[in-house]
Amino acid sequence: MKFCIKSWSKNSRARVGLLQLTSFRQPENKKKEIEIETPALVLTTRKGLPAFVSPDHLVALQFCGSTLLQFSPMHFMEGPNPKTISNIGGIHQLLGLKDYGFVSVPRDSILSLPESSSSNKHGASFETPCGRFLVKPVEYMKMISSMKPDLWVSLADEVPASATLKRNRASVERTIRWLDDCISLDTSVRRMGLKAMMICTVVTMYSPVTRKFHNYLSGLSQKLQHFLIEVLIPILLFLPCDGALFGSIVGGCSIEEREHCAQEVAKRNVAGYYIGGFGLGDSIDGRASLLHAVTDCLPNEKPRQICGLGLPEEVLQGVAAGIDLFDSTYIYQLTLGGFALTFPLDGKFNHVSDPKLTAMGGDRTKINLKATVYRKDASRIVDGCNCYTCQNHTKAYINHLLNVHEMLAPILLEM
Ligand SMILES: [Zn+2]
């Protein structure tokens, strides 16, 4: 993974950057490069796919600039199990999405919610549709190594805004300890992989098929042979498969704990940072100072990701604080309610009052297509919009689909 900053805002901590992901896709070990301009949206998914969009329609979402999909290993608690996913070749191969990057986070805001009251010193607890799970670092690392995401976040003990200072301190201490556990377990797996690769290389050398290669190596000096067999070949074959680790930062609503956690994580060997513990009852008013406290402690040259900021104004607050990657459940929640976004593409709002707009929770930025006022409305959702839904369908048709609970309705709304 590479990350570079292209420009800075003069009035805030905001920055524009470029994230480059390089990985090798199984089974043919084909090199794949993905470039993402930041700040960028990481698409929220259920088991690796956006809630209402099928894989062949994913390309229609690329207008938002993101080819990064976010998932939680907890989505797969009811199978397929890690060994099966590993045998298939990882998450890209499992879902048939080799052209996308995958970011693995322990929690999300829909299907894998942190359950701090059940977390303990051994592991973090998550509330999922399959039940509540306590996940220890070693189990978490097993899931990560089987899924082979492009980016992954260390296990964190995320607490709600109402947590006491004592509980908050415990969450910081555990999150840092689990980060160290994840790093040492990841290092052990790499070493095991290197050893296994060394054995395979030596065995292969002595097989009749590679006799020629063996003869060639025999002609080299012993030192060079040793370097090739035990260092260079294993590194070339093994290391490119690894995803980049983002260290988790927590600390709830305490600026001191946030700073302490960020400073500790910044000392570790991580590729980027994940800012957790938001969207759990904290208010938007007090968030800017917490975000600034964290980002001021982090080196500028590494990317920062956050989970739990949903509304557009919350995401903008994060951008102003210098965060590069965001997830958001905003579109998912709107789609569930039958809403379509209608903000003007040129940013200029039409101030003509329209009683239709306020029907069933609509406003200047969104309309609720479940409302009966749209039953005979033959107009498009947004005039001049190039999206598939606006190009092909009317408000009346989507109103009909919603009323008869047709599954095409949320697909058209999410696209
Ligand atoms: Zn549209």
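Values in this document were obtained by computation on a predicted structure and should not be read as measured data.

## Some words on the overall build of the protein
Thinking step 1. A count of helical and extended segments in the protein gives 13 helices and 17 strands.
Thinking step 2. Taking all contacts inside the protein whose residues are at least 6 apart in sequence as the whole, residues at least 24 apart take part in 68%.

## Points about the pairing of strand E7 (residues 101-104)
Thinking step 1. Every second residue of E7 is oriented toward a common face, with Gly 101 and Val 103 on one face and Phe 102 and Ser 104 on the other, all of them buried.
Thinking step 2. In this structure, strand E6 (residues 68-71) lies alongside E7, joined through 4 bridges in parallel fashion. Paired with Leu 68 across the two strands is Gly 101, which belongs to E7.
Thinking step 3. Of the strand pairs in this sheet, E7 and strand E11 (residues 151-153) are connected by 2 bridges, and their pairing is parallel. The residue of E11 that forms the bridge with Ser 104 is Trp 152.

## A short note on the packing of helix H7 (residues 255-267) against helix H8 (residues 287-295)
Thinking step 1. One can describe the packing of H7 onto H8 by two numbers: an axis separation of 8 Å at closest approach and a directional angle of 25°. By the angle class used here, H7 and H8 are roughly parallel. H7 and H8 meet at a crossing whose hand is right-handed. Taken together, the residues of H8 that come into contact with H7 (itself represented by Ile 255, Arg 258, Glu 259 and Ala 262) are Ser 289, Leu 290, Ala 293 and Val 294.

## Here we look at the sheet that holds E11
Thinking step 1. Spatially, 9 strands are ordered E4-E15-E14-E13-E12-E11-E7-E6-E5 in an open sheet, and the strand pairing comes out parallel. Of all strands in the sheet, those bounded by a partner on one side alone are strand E4 (40-41) and strand E5 (43-44).
Thinking step 2. Pairing of E11 with strand E12 (residues 244-249), which is carried by 3 bridges, proceeds in the parallel orientation. For Val 153, the partnering residue across the bridge sits in E12 and is Phe 246.

## What about unusual backbone geometry?
Only a minority of non-glycine residues have a phi that is not negative, and only a minority of peptide bonds are not trans.
Thinking step 1. The peptide bond linking Thr 38 to Pro 39 adopts the cis configuration, its omega dihedral lying at 5°.
Thinking step 2. Residue Pro 80 is reached from Gly 79 by a cis peptide bond, and omega for that bond is -5°.
Thinking step 3. Inspection of the secondary structure assignment puts Pro 80 in the loop between E6 and helix H1 (82-88).
Thinking step 4. Positive phi, close to 55°, is recorded for Lys 47, a residue that is not glycine.

## Side note on the sheet that holds strand E10 (residues 131-135)
Thinking step 1. Pairing in this open sheet of 3 strands is antiparallel, and the strands run E8-E9-E10 from one edge to the other. A strand with exactly one partner marks an edge of an open sheet, and here the two such strands are strand E8 (113-114) and E10.
Thinking step 2. As judged from the 5 bridges shared by strand E9 (residues 124-128) and E10, these two strands associate in the antiparallel manner. Among the inter-strand pairings, Phe 126 is bridged to a residue of E10, identified as Phe 133.

## As for helix H12 (residues 395-403)
Thinking step 1. Listing the buried residues of H12 in full gives Lys 395, Ile 398, Asn 399, Leu 401 and Leu 402. Down the axis of H12, the buried side of the element spans an arc of 160°, and every buried residue falls inside it.
Thinking step 2. Looking at the packing, one finds that the buried side of H12 touches helix H13 (408-414).
Thinking step 3. At the C-terminal side of H12, His 405 shows a positive phi close to 55°.

## As for the environment of Thr 44
Thinking step 1. Topologically, Thr 44 is positioned in strand E5.
Thinking step 2. On a C-alpha basis, the gap between Thr 44 and Ser 109 in space is 8.7 Å, while along the polypeptide they are 65 residues apart.
Thinking step 3. Setting aside residues no more than four positions away along its own chain, Thr 44 makes contact with Gln 70, Asp 108, Ile 110, Asp 327, Ser 328, Thr 329 and Tyr 332.

## Describing the nonpolar core
Thinking step 1. Core analysis: the largest hydrophobic core is formed by 65 residues, its most contacted members being Val 42, Phe 246, Ile 249, Val 265, Tyr 273, Ile 275 and Val 294.
Thinking step 2. For Val 294, the contacting residues outside a window of four places in its chain are Ile 249, Arg 258, Ala 262 and Ile 275.
Thinking step 3. One finds Ala 340, Leu 369, Ile 398 and Leu 401 within the second-largest nonpolar core, a separate group that totals 13 residues.

## Regarding the confidence of the model for the protein
Thinking step 1. In this model, the protein carries a mean pLDDT of 86, and residues with pLDDT of at least 70 account for 82%.
Thinking step 2. Of the regions scoring below 50 in pLDDT, residues 234-241 engages in 12 contacts with residues more than four places distant in sequence or in other chains.

## Points about the pairing of E6
It is a general feature of regular strands that their side chains alternate between the two faces of the sheet.
Thinking step 1. Side chains Leu 68 and Gln 70 of E6 all project onto a buried face; the interleaved residues Leu 69 and Phe 71 project onto the opposite face, where all are buried too.
Thinking step 2. Bridge analysis of E5 against E6 gives 2 bridges, and the strand direction is parallel. Looking at the pairing, Thr 44 lines up with Gln 70 of E6.

## Some thoughts on the environment of Ser 145
Thinking step 1. In this structure, Ser 145 sits in helix H3 (residues 137-147).
Thinking step 2. By C-beta crowding, Ser 145 is classed as buried, having 20 other C-beta atoms within 10 Å.
Thinking step 3. In sequence terms Ser 145 and Gly 90 are 55 residues apart; their C-alpha atoms lie 8.4 Å from each other.

## Considering the environment of Asn 11
Thinking step 1. Tracing the chain through its elements places Asn 11 in the loop between strand E1 (2-8) and strand E2 (15-25).
Thinking step 2. Classification of Asn 11 by C-beta neighbours within 10 Å gives exposed; the count is 7.
Thinking step 3. Residues Asn 11 and Ala 320, spaced 309 residues apart in sequence, show a C-alpha to C-alpha distance of 8.7 Å.

The rules behind the values
- Residues numbered from 1 in each chain as written.
- Predicted model: local features only at pLDDT ≥ 70, side-chain atom pairs only at ≥ 80, totals over all residues.
- Helix = DSSP H or I, 4+ residues; strand = E, 2+ residues; numbered from the N terminus.
- Contact = placed C-beta atoms within 7 Å.
- Buried ≥ 20, exposed ≤ 12 C-beta atoms within 10 Å, placed from the backbone.
- Pairing = 2+ DSSP bridges.
- Axes fitted to C-alpha atoms, helices over the stretch in contact; angles between N-to-C directions.
- Parallel < 35°, antiparallel > 145°, perpendicular 65-115°, else oblique.
- Left-handed = near helix turned anticlockwise from the far one by under 90°.
- Arc of directions from axis to C-beta.
- Core = buried A, V, L, I, M, F, W, Y, C linked by C-beta atoms within 7 Å.
- pLDDT = per-residue confidence, 0-100.

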